[in-house]
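Each chain, letter by letter, is given below.
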Amino acid sequence: MARSIFYPIVYVRGYAGSQGEVEDTVADPYMGFNVGSTKLRQSWDGGIKKHFFESPLVRLMKDYDYRDAYSDGSEFDFNSDVPMKSVWIYRYYEPVSEALGTGQRPEMETYAEGLGAYLQKIRGILCGKNKQKLKDFKVYLVAHSMGGLVVRCWLQNLRFKETNPVEIEKVFTYATPHSGIDFRAIGNIPKFIKINNTENFQVDRIRQYLKIPKSKPVNSLNGKFPEERFFSLIGTNSKDYTAVAGMSKRLVGPMSDGLVKMKNAYVNKTPRAFVHRAHSGHYGIVNSEEGYQNMIRFFFGDICVNGSLVVKDMFLPRKIELAKKKGKNVRAAYHVEVVTKVRDARWDMYRRTVAEDSAIYKSHEELERGDKPIRLFSSYLSKRQIFRDSKYMGFAINVGLLAPEYVVNNRYFFDDYYNGDYIFNDQLKFLVKLESNKAVFKYQWSQQNDDKWMSDVFVGPFDKDWLIEIPCVKDTKPGIDATLQLVISPHC
């Protein structure tokens, strides 16, 4: 069974555009990792109450006894007793500051080289000359926006050139443009725009500093780091991005966090989550409960749950079906909504909905073929977060398939259904219990209208992936015959 190991956490902040932003950044000891947020939520009695998220830094201190790396105004104090459970801030913008450096912006490779040197320095402070500690030393890397590209540049390009490179246990990125930044009218940032390192978000330049051949996608780890140990958190709230004011969100548009398109914000073949948060600002993704909860479960969780929808058959409305049989040209598009949450939480672990421009889009032809599962989510569960006295880790999955806009012979067809109606919409309640090297699973659809759970499934020892297949059927027209596949894995 996996066990939580608390390695040092190193935070790498995102892009600072103007010189003023650089100076504000270096003036902050934690470079934004200490910024929280306050949101209003409606309580059970209809009243409004405030929800405070203190910041990732403070929460790590309160929940897991981490501490910062500063002592008596210094970061690298060899006389201080800094524990392994410590948070470090890679202050790579200091050389760019006119107050603390030269005021000149170096290339991405220089930022990455600095990260490698910084990690070596941390290793030396925490391990000293203890050979066993030096051998076992690992870190967690957390990065926001461009910081994730700095991390990838070191991981994929420079790490293997160093002597005694530091071992990275896991990487967690918030809103990183892993496939660059695209504007809605022109696509990827043009090559001729080279202002304050903006070329770092251009696809060809990314390939260059990550050493990725054109035969592979630009968001590939290229075999240089295990994909299952790299997590991408993707923001979907384009409307509340206030950092570089309204200019960027008008340029980038919907289906983004205001700056980074959703399709560009993840690393290929890695676990990921979508949350309704903006790139930064008061509703920013770093200073969010959703971001923090995904991060701690990915780092310290016990179980990984990957969900996919396998469609066996799609049932069209009767009149549409008849039109298709008569040889008329029928087209349709579907939206799949997915929301996952843990028990007793007022926030979502994963969220993709039509109303927030983040639902999964599939054509009727794609679903009808059923040749490829629809990837729904990756979520992590932690025994430490078990609800009160329950022995189970509670988890809920909302799955919705919205009725499409049917087009017959290039004309919209509105008979027999209302646009935006659900073909399928239900919540799966899922419980997991770990005991004596065994796992117990049980589940229930909310709309069963009873308290019966599917029989417990005992698995043991729980040391490999287990597949649970749950029918997801609505035998109507329109309707669906599908299977919700849950792959349950011990999280290492």
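Everything here concerns the structure above.
Read on for an overview of the structure. As a convention, each chain's residues are numbered from 1 in the sequence order in which they are written. Per-residue local features of the predicted model are confined to residues with pLDDT of at least 70, and side-chain atom pairs are confined, for both listing and counting, to 80 or more; whole-chain, interface and lining totals are unaffected and use all residues. The side-chain numbers reported here are obtained from all heavy atoms of the structure, hydrogens and water having been left aside.

As for the nonpolar core
Operational definition: Take the buried residues of types Ala, Val, Leu, Ile, Met, Phe, Trp, Tyr and Cys, join any two whose side-chain atoms come within 4.5 Å, and each joined set is a nonpolar core. The cut-offs for exposure are 20% and 50% of the maximum accessible area for each residue type, with area from a 1.4 Å probe on protein chains only; residues under the lower value are buried, those over the upper are exposed, and the others partly exposed. Helix and strand assignments follow DSSP, with helices taken as H or I runs no shorter than four residues and strands as E runs no shorter than two, numbered in order from the N terminus. Whether two residues touch is decided by their heavy atoms; if any such pair falls within 4.5 Å, the residues are in contact.
Counting 143 residues, the largest nonpolar core has Phe33, Leu60, Met295 and Leu486 as its most contacted members. Looking at this core element by element, the count peaks at 10 residues for helix α3 (residues 108–127). In contact with Leu486, other than residues within four places in its own chain, are Val305, Asn306, Gly307, Phe377, Ile397, Leu428, Phe430, Trp466, Leu467, Ile468 and Ile470.

Observations concerning the sheet that holds strand β1 (residues 9–12)
This is how it is decided: By the convention used here, strands pair only if DSSP detects at least 2 bridges between them. Angular values range over 0 to 180 degrees, each being the angle between N-to-C directions of two axes fitted as lines to C-alpha atoms, with helices fitted over their stretch in contact.
Strand order in the open sheet formed by 7 strands is β4-β5-β1-β6-β7-β10-β11, and the pairing between neighbours is parallel. With partners counted over all chains shown, the strands left at the sheet margins are β4 (67–68) and β11 (272–275), one partner each. Bridge count for β1 against strand β5 (residues 86–90) is 4 bridges, and the pairing is parallel. Paired with Val10 across the two strands is Trp88, which belongs to β5. In the packing of α3 onto the sheet, the strands contacted are β1, β5, β6 (138–144) and β7 (167–174), and the crossing angle to β5 comes to about 150 degrees.

Re the packing of α3 against helix α5 (residues 146–158)
Note the following rule: Here roughly perpendicular refers to angles of 65 to 115 degrees, roughly parallel to angles under 35, roughly antiparallel to angles over 145, and oblique to all remaining angles. As a working rule, the residues Ala, Val, Leu, Ile, Met, Phe, Trp, Tyr, Cys and Pro are called nonpolar, Asp, Glu, Lys and Arg charged, and the rest polar, with Gly in that last group.
Where α3 meets α5, the closest approach of the two axes is 8 Å, and the angle between their N-to-C directions is 75 degrees. When the axis of α3 is compared with that of α5, the two are roughly perpendicular. Touching Met108, Glu109, Tyr111, Ala112, Glu113, Leu115, Gly116 and Leu119 of α3 are Met146, Leu149, Val150, Val151, Cys153, Trp154 and Leu158, all from α5. In the contact of α3 with α5, the residues fall into 12 nonpolar, 1 polar and 2 charged.

Purely geometric numbers; function is a separate question.
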